[in-house]
Each structure stands twice: as C-alpha cells, then as structure tokens.
2 protein chains.
Amino acid sequence: MKELIAKYREKGFKLTPQRIAILKFLDGNTSHPAANDIYRNIKKDYPTVSFATVYNTLQALRDRREVAEITIDFQKKHYDPDLRPHHHIICTECNKIADVFQDYSEALRLPYHIKDEFQATANHVNFYGICKKCQKIKKGGTKLCA
Amino acid sequence: MKELIAKYREKGFKLTPQRIAILKFLDGNTSHPAANDIYRNIKKDYPTVSFATVYNTLQALRDRREVAEITIDFQKKHYDPDLRPHHHIICTECNKIADVFQDYSEALRLPYHIKDEFQATANHVNFYGICKKCQKIKKGGTKLCA
DNA sequence: ATTTAGATTAGAATGATTCTAATATTAGAA
DNA sequence: TTCTAATATTAGAATCATTCTAATCTAAAT
Ligand SMILES: [Mn+2]
Ligand SMILES: [Mn+2]
Ligand SMILES: [Zn+2]
Ligand SMILES: [Zn+2]
C-alpha cells in the first residue's frame, strides 16, 4: 500500500485516487484481467470512473513497463502486473489463464535463416488446454439445465 | 486449382466463386493475412464481395480446421493456411510475420502443478523482434522527410 | 494559495468482428 | 434439364474493444 504508492511517486508517476485503486487492484493480481475487469472493479469504489481512465492508466503503465500486455486471448488484451519472464496456459473452454514459470529460452533457439532476417528481442509461449473444472463439466454431461 | 476445388467439394464444403477466390488466395500463402487483406484481394475479382462473406468463409474454414488463427498481433487476427505445427516471429515495427519451423515440443514441458490443473492440447511460441528492413530504417535516421 | 503539467471525464470515433434478414446460388434429386 | 432444399451472399446494422477529443479538474511543486 504505502510502499506501492511511494514506488510510483518516486518514479514521477502522478498519483490520483483512481490510479491508486487501479494499482492496488493490479498489485499481486494473478488473474490476468482485461480492461473491462479492471473497470468493473474500480467502479465499486469510484462509481464515476471512466473507461478512458482505465485505458489511459494501463497505457501509461505499459509504456513504463510496469504491466505487460498478453496476447493469448483472441478477443481482447489481458494485463499482467507480474513482470518476471513467464508464459501462460489458457483454458479453451472458460478462458481461465494460469502462469507458467518455466524458463524455456535455452531451448527456443531460432533457425539461422530467421536470425539472419530478424533481431529477436523476446519470446512468449502460449499453451492451450482444458482446465480441471471444464474437464468435469464436459465429462459430466452437456448442459446444467434441460 | 482443380485439386484444391476437388478437395473441398469432397469434404462437402459448398463452393461458390467467392469461396474459390478465397481458397486460391490462401493456398500456399505465407503472408499470414488478416481478414481485411483477404477482403481487399478478393475484391479485385469480385467487386461486390462482402466482408461478411470473408468472415463467414474464414469461420467455416477455421471450424473445419482448414486454416489456423494466430494470436501474435495485438490488434487483429491473422490467418494461416499452413497447418503444419510451427511458430511465428513478428516485427514489432512493421508487423511482418515469418514462420518458424522448429519443433520445440520436447522442451516445452509443463510444470507438474500445471499438468495437474490443465490438460494441455497445444502450444505456440511467439517471437518478437525487428526485421532487417526496419533495422536499417532505425539506424539510417528517424524519418524519411523533414 | 497559486500555478501548471498532467489526469479525469463523457461521449464520440474507430476498427475489428459478428449478426440479421432478405435474396441468390449450389448441388443433388427428380 | 428442372426443381428444391440447404446453404451462401449481401448490405447494413449491431456489438465490442479500444482510442480520441476537448472541456474540466487536480496533484504536487513553488
Ligand atoms: Mn502471468
Ligand atoms: Mn505460419
Ligand atoms: Zn476452463
Ligand atoms: Zn519490420
């Protein structure tokens, strides 16, 4: 809380109640929220908050490398406050996203003709699968209601 | 051409001139086009073609596993007629996408606690980098005009 | 307390994608 | 070939995520 605020103030990031609420929501959050998830949550405490503020703040944080955008979902961007290099697995049924902390960089060597054409700067592995809960639902039967 | 058409007819995929144009455009295409790229190209021969047809056809092909959707671009979906398992590298400056045919699956082992929670079905590596052309532009100076 | 750079806001604009409902075509049957 | 049913096409509207605009407000430095 206080440390969090101090950290951003030091970096010259102007703090407002809305921004603090967003930072608090993101701090330690492992749910990989999309912009709308953040908006809904902040709105509880700041009913007048606007979508623009959420997007502006996310952009500012992204530009300062304080959050990462992840491209695992075909529909929308998700945000990740955990900047440690890691990968993700997403449930193709319910879109639940989990972290995969595993360093594959040794193995992810590019073929020479690609190295020749691109100067690689980053890599990210997307795993797809079905989570436990969705496995059960599929097995147990199709629908919950007739 | 003929084999291509025969292949789809056999599979009960109803063929229309527009669909054939889309299939031809995709066949052997390594450019990873987005829907709009396909639309623009088909429009040359079928000026009345609609966006809906392009999207409908892409959906039908995707459902039949005849094209893959790729999530490497934050802005939009790209389509890939090459179904062999492979990965991609995208230029963060110009969005050029290239194929990376390299099998990393041996190395991409998931941690046990993830295996416990997810039944993994697929994986895809996104590499990010800067292509040769964009490297030159950056080095040579900032802008082409004053 | 004053000042100003930067943040907030509602709402409009944009861009990608999906939906709708009327019309037209394909492909198989007669 | 002609008929028919199933399916595809179309323009345009609708939706959803995201960005932009321009007026107003506020953090935080002086
Ligand atoms: Mn993560
Ligand atoms: Mn490819
Ligand atoms: Zn799930
Ligand atoms: Zn480039």
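Residues numbered from 1 in each chain as written. Chains lettered and ligands numbered in written order. Predicted model: local features only at pLDDT ≥ 70, side-chain atom pairs only at ≥ 80, totals over all residues. Heavy atoms only, no water.

A look at the pattern of salt bridges
Residues and elements named next belong to chain A.
For step 1, the next point in the chain: A complete count under the given rule lists 20 salt bridges over all chains for this structure.
For step 2, the next point in the chain: Here Asp37 and Arg40 are joined by a salt bridge, their closest N and O atoms 3.6 Å apart. Note that Asp37 and Arg40 are positioned in helix 3 (residues 35-45) at a spacing of 3 residues, about one turn of the helix.
For step 3, the next point in the chain: Judged by its relative accessible area of 26%, Asp37 falls in the partly exposed class.
For step 4, the next point in the chain: Arg62 is the salt-bridge partner of Asp63, the closest N and O atoms lying 3.4 Å from each other.
For step 5, the next point in the chain: Relative accessible area serves as the criterion here: at 54%, Asp63 is assigned to the exposed category.
For step 6, the next point in the chain: One connected set of salt bridges, linked through shared partners, spans Arg62, Asp63, Glu69 and Lys77. (Salt bridge = Lys/Arg side-chain N within 4 Å of Asp/Glu carboxyl O. Helix = DSSP H or I, 4+ residues; strand = E, 2+ residues; numbered from the N terminus. Buried < 20%, exposed > 50% of the residue type's maximum accessible area, 1.4 Å probe, protein only.)

Quick look at the domain arrangement of chain A
All names here are of chain A.
For step 1, the next point in the chain: Split into domains, chain A comes out as domain 1 (1-83) and domain 2 (84-146).
For step 2, the next point in the chain: For domain 1 and domain 2, the distance between their C-alpha centres works out to 23 Å.
For step 3, the next point in the chain: Opposite the 10 residues of domain 1 that make contact, domain 2 presents 14 residues.
For step 4, the next point in the chain: It is His32, Ile72 and Asp82 that lose the most area in domain 1 upon contact with domain 2, and together they represent 57% of the buried surface on that side.
For step 5, the next point in the chain: In this structure, the connection of domain 1 to domain 2 is made through 1 salt bridge.
For step 6, the next point in the chain: A salt bridge links Asp82 to Arg84, with the shortest nitrogen-to-oxygen separation between them at 2.7 Å.
For step 7, the next point in the chain: At the junction of domain 1 with domain 2, the criterion picks out 5 residue pairs in polar contact (both at pLDDT 80 or more).
For step 8, the next point in the chain: Split into classes, the residues belonging to the side of domain 1 that touches domain 2 amount to 3 nonpolar, 4 polar and 3 charged. (Domains from an automatic or database assignment. Contact = heavy atoms within 4.5 Å. Buried area = accessible area lost by both parts, 1.4 Å probe. Polar contact = N/O pair within 3.5 Å; in protein donor to acceptor, adjacent residues only side chain to side chain. Nonpolar A, V, L, I, M, F, W, Y, C, P; charged D, E, K, R; others polar.)

Things to note about the protein's contact with DNA strand C
For step 1, the next point in the chain: Around DNA strand C there are 21 residues in total, and Thr16, Gln18 and Thr53 of chain A together with Tyr55 and Lys77 of chain B lie nearest to it.
For step 2, the next point in the chain: Sugar plus phosphate: this is where 80% of the atoms of DNA strand C within 4 Å of the protein reside.
For step 3, the next point in the chain: Take Thr48 of chain A: an N or O atom from its main chain is 3.4 Å from a phosphate oxygen of DNA strand C.
For step 4, the next point in the chain: Between Lys77 of chain B and DNA strand C, the recorded distance is 2.9 Å, taken from a backbone N or O atom to a phosphate oxygen.
For step 5, the next point in the chain: When residues of the surface near DNA strand C are traced back to their parent elements, those giving at least two are helix 2 (17-26) and helix 4 (51-63) of chain A together with helix 4 (51-63) of chain B. (Near = heavy atom within 4 Å.)

Regarding the protein's contact with DNA strand D
For step 1, the next point in the chain: The environment of DNA strand D is formed by 22 residues, the closest being Arg9 and Tyr55 of chain A together with Thr16, Gln18 and Thr53 of chain B.
For step 2, the next point in the chain: Here a phosphate oxygen of DNA strand D and a side-chain polar atom of Thr16 of chain B are 2.4 Å apart.
For step 3, the next point in the chain: Looking at the surface near DNA strand D, the elements with two or more residues in it are helix 4 of chain A together with helix 2 (17-26) and helix 4 of chain B.
For step 4, the next point in the chain: If you tally residues by element for the surface near DNA strand D, the top one is helix 4 of chain B, at 4 residues.
For step 5, the next point in the chain: Looking at the surface near DNA strand D residue by residue, the class counts come to 7 nonpolar, 9 polar and 6 charged.

With respect to the interface of chain B and chain A
For step 1, the next point in the chain: At the junction of the two partners, chain B supplies 42 residues and chain A supplies 42 residues.
For step 2, the next point in the chain: For the pairing of chain B and chain A, the buried interface totals around 3500 Å² over both sides, and the portion due to carbon and sulfur atoms is 62%.
For step 3, the next point in the chain: Three residues stand out in chain B for area buried against chain A, namely Thr71, Phe74 and Phe118 of chain B, and they jointly supply 19% of the buried area on that side.
For step 4, the next point in the chain: Counting across the chain B and chain A interface gives 4 salt bridges.
For step 5, the next point in the chain: The shortest N-O distance in the salt bridge between Glu117 of chain B and Lys96 of chain A comes to 3.3 Å.
For step 6, the next point in the chain: Counting across the chain B and chain A interface gives 18 residue pairs in polar contact (both at pLDDT 80 or more).
For step 7, the next point in the chain: Elements with a minimum of two residues in the side of chain B that touches chain A: strand 1 (68-70), strand 3 (87-91), strand 4 (97-100), helix 5 (112-117), strand 5 (118-131) and helix 6 (132-140) of chain B.
For step 8, the next point in the chain: Top element by residues in the side of chain B that touches chain A is strand 5 of chain B. It accounts for 14 residues.
For step 9, the next point in the chain: Here the residues of the side of chain B that touches chain A sort into 23 nonpolar, 10 polar and 9 charged.

Some thoughts on the sheet that holds strand 3 (residues 87-91) of chain A
For step 1, the next point in the chain: Strand order in the open sheet made by the 6 strands is 4(A)-3(A)-5(A)-5(B)-3(B)-4(B), with mixed pairing throughout. Among the strands making up the open sheet, the edge pair consists of strand 4 (97-100) of chain A together with strand 4 of chain B. In this sheet, neighbouring strand axes are inclined to one another by 25 degrees on average, regardless of whether the strands run parallel or antiparallel.
For step 2, the next point in the chain: By the bridge criterion, 4 bridges tie strand 3 of chain B to strand 5 of chain B in an arrangement that is parallel. In the sheet register, His88 of chain B faces strand 5 of chain B, and the bridge partner there is Asn126 of chain B. (Pairing = 2+ DSSP bridges. Axes fitted to C-alpha atoms, helices over the stretch in contact; angles between N-to-C directions.)

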